[in-house]
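One-letter residues, chain by chain:
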Amino acid sequence: MLKINQLHKSYPIGDSSLHVLKGIDISVEEGEMVAIMGSSGSGKSTLLNIIGMLDEADTGDYILDGLPIKNLTEKKAAVYRNKFLGFIFQSFNLINYKNAIENVALPLYYQGIKRKERIEKAKFHLQKVGLLDWADHLPKELSGGQKQRVAIARALAANPKLLLADEPTGALDTKTSHEIMAFIQSLNDEGKTILMVTHEEDIANMCKRIVRLRDGVIMEDKKVNQVRAEQYV
Ligand code: ADP
Ligand code: MG
């Protein structure tokens, strides 16, 4: 699914620079569910953003689904991003003035899918996250857990091969976090490959593999026995 070799990333600060990722090696196979852990500032989001083609590494190799990701034009990067990747964020990143179904349908618009099919697909995915009855509600009328469900439906709308999540439960209470994790686990049970950033140990243990970052270096990378989230909801 993806393979990364000796990845480095620095950010310029004034005349000097901050070396954030210092030689990352990681491979992820289809069907995996991986947690990237580490304290704040350890480089988790930077790594996820590079994997998600939202940012570029300085040096190193990144191959996604057989394709070397290097020096792509903005346009090409956007095409691959839409085709391969779905994103979920801590802060949901929904569009405030669009209702639930319009939010879910939006990525399909960028894929050139006709309106009728967009709405059909968006309905299907809203149904899947249990929110079909909320289709015409605006984000401000939804709870945090419901907003994250809409965001998940949006991430799934274009049927991506890889789902990337940056602290998907970071803004949710414990019970809602577990509901969201149970849903993400059910997606992985169906075969979806999932890579998520978290700094919460109990959330990481609901994945099947934990990669620990410290100061831009992988300290540990091991398979774990997945704790099922549905027992807590
Ligand atoms: P994490 O997600 O693990 O908390 P990040 O990857 O967001 O860590 O950030 C790692 C380090 O890089 C932090 O010190 C952060 O301040 C810095 N950083 C992140 N993005 C930028 C940027 N665009 N410009 C400058 N520094 C950045
Ligand atoms: Mg982060």
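Coordinates for the structure precede this section.
Small disclaimer: the values here were computed from a predicted structure and weren't measured.

### Topic: the overall build of the chain
Helices and strands together make up the secondary structure of the chain, namely seven helices and 10 strands. Expressed along its principal axes, the backbone C-alpha trace of the chain runs to roughly 50 × 40 × 35 Å. Put simply, 69% of the contacts in the chain that link residues at least 6 apart link residues at least 24 apart. Carbon together with sulfur atoms contributes 49% to the accessible area of the chain, which is approximately 11,500 Å² in total.

### Digging into helix α3 (residues 100-110)
What α3 keeps buried is the set A100, I101, N103, V104, A105, P107 and L108. Regarding α3, its N-cap is N99, as a side-chain oxygen of that residue lies 3.3 Å from the backbone nitrogen of I101 further along. Note on α3: the residue one or two positions beyond its end, G112, has a positive phi of about 80 degrees.

### Digging into the pairing of strand β2 (residues 16-28)
Examined bridge by bridge, strand β1 (residues 2-13) and β2 share 10 bridges and lie antiparallel to one another. In the sheet register, Y11 faces β2, and the bridge partner there is L18.

### Remarks on the sheet that holds strand β5 (residues 67-68)
Overall, antiparallel pairing links the four strands, which are arranged β2-β1-β4-β5 in an open sheet. Since the sheet does not close on itself, it has two edges, and those belong to β2 and β5, each with one partner. As judged from the two bridges shared by strand β4 (residues 59-64) and β5, these two strands associate in the antiparallel manner. Each bridged residue has a counterpart across the sheet, and for L64 the counterpart in β5 is L67. Sheet strands touched by helix α1 (residues 44-51): β1, β2 and β4. Its angle to β1, the strand with the most contacts, is close to 120 degrees.

### Points about helix α4 (residues 115-128)
For α4, with 14 residues, the first-to-last C-alpha span of 20 Å sits near the 20 Å given by 1.5 Å per residue. If you check which residues of α4 are buried, you get R118, A122, H125 and L126. All buried residues of α4 project into a common sector of 100 degrees when viewed along the axis, lining one side. The exposed set on the far side of α4, more than 90 degrees from its buried face, consists of K116, F124 and Q127. Buried residues along α4 sit against α3 and α5 (144-156). Where α4 ends, the next residue or the one after it, G130, has phi of about 75 degrees, a positive value.

### Re the environment of A157
By secondary structure assignment, the location of A157 is in the loop between α5 and β7 (162-166). A residue is classified by how much of its surface remains accessible, and A157, at 3% relative accessible area, is buried. On a C-alpha basis, the gap between A157 and G23 in space is 34 Å, while along the polypeptide they are 134 residues apart. In this structure, A157 is in contact with V104, L108, K121 and H125, ignoring residues within four places of it in sequence.

### A short note on the pairing of strand β8 (residues 193-197)
Of all five residues in β8, five are buried; the element is thus mostly enclosed. With burial as the criterion, each face of β8 is covered, one bearing T193, L195 and V197 and the other bearing I194 and M196. Bridge analysis of strand β3 (residues 33-37) against β8 gives four bridges, and the strand direction is parallel. Along β8, the bridge assignment pairs M33 with I194. Here five bridges tie β7 to β8, and the two strands are oriented parallel to one another.

### With respect to the site of ligand 1
Neighbouring ligand 1 are Y11, L18, V20, S39, S40, G41, S42, G43, K44, S45 and T46. At a separation of 2.9 Å, an oxygen atom of ligand 1 approaches a polar side-chain atom of K44. Contact between ligand 1 and T46: an oxygen atom at 2.5 Å from a side-chain N or O atom of the residue. Among the elements that line the shell around ligand 1, the one with the most residues is α1, at three residues. Each residue belonging to the shell around ligand 1 can be placed in one class, and the counts come to three nonpolar, seven polar and one charged.

Rules used throughout
One numbering rule holds for all chains: residues counted from 1, following each sequence as written. Going through the entries in the order they are written, you letter the chains from A and number the ligands from 1. For a predicted model such as this one, the threshold for reporting local features is a pLDDT of at least 70, and the threshold for listing and counting side-chain atom pairs is 80 or more; totals across whole chains, interfaces and linings nevertheless cover every residue. Excluding hydrogens and water, the side-chain figures rest on all heavy atoms present in the structure. Helix numbers and strand numbers start at the N terminus; a helix is a DSSP run of H or I with at least 4 residues, a strand a run of E with at least 2. We call two residues contacting when some pair of their heavy atoms lies within 4.5 Å. Calculation of accessible area relied on Shrake-Rupley with a 1.4 Å probe; when residues are assessed, cover is drawn exclusively from the protein chains displayed. For the exposure calls, accessible area comes from a 1.4 Å probe over protein chains only, and a residue counts as buried if that area is under 20% of its type's maximum, exposed if over 50%, partly exposed in between. Under the rule applied, a polar contact is a pair of N or O atoms within 3.5 Å (in protein, one hydrogen donor and one hydrogen acceptor; residues adjacent in sequence only if both atoms are side-chain atoms). Two strands pair under a simple rule: DSSP has to find at least two bridges between them. Every angle, taken between N-to-C directions, lies between 0 and 180 degrees, and every axis is a line fitted to C-alpha atoms, over only the stretch in contact when it is a helix. Between the first and last residue of a helix there are one fewer steps than residues, each counted as 1.5 Å, and that sum is the expected span. When we speak of the arc, we mean the arc of directions from the helix axis to the C-beta atoms. One heavy atom within 4 Å of a molecule or strand is enough for the residue carrying it to be called near that molecule or strand. Side-chain classes follow a simple rule in which Ala, Val, Leu, Ile, Met, Phe, Trp, Tyr, Cys and Pro form the nonpolar group, Asp, Glu, Lys and Arg form the charged group, and the remainder, Gly included, forms the polar group.

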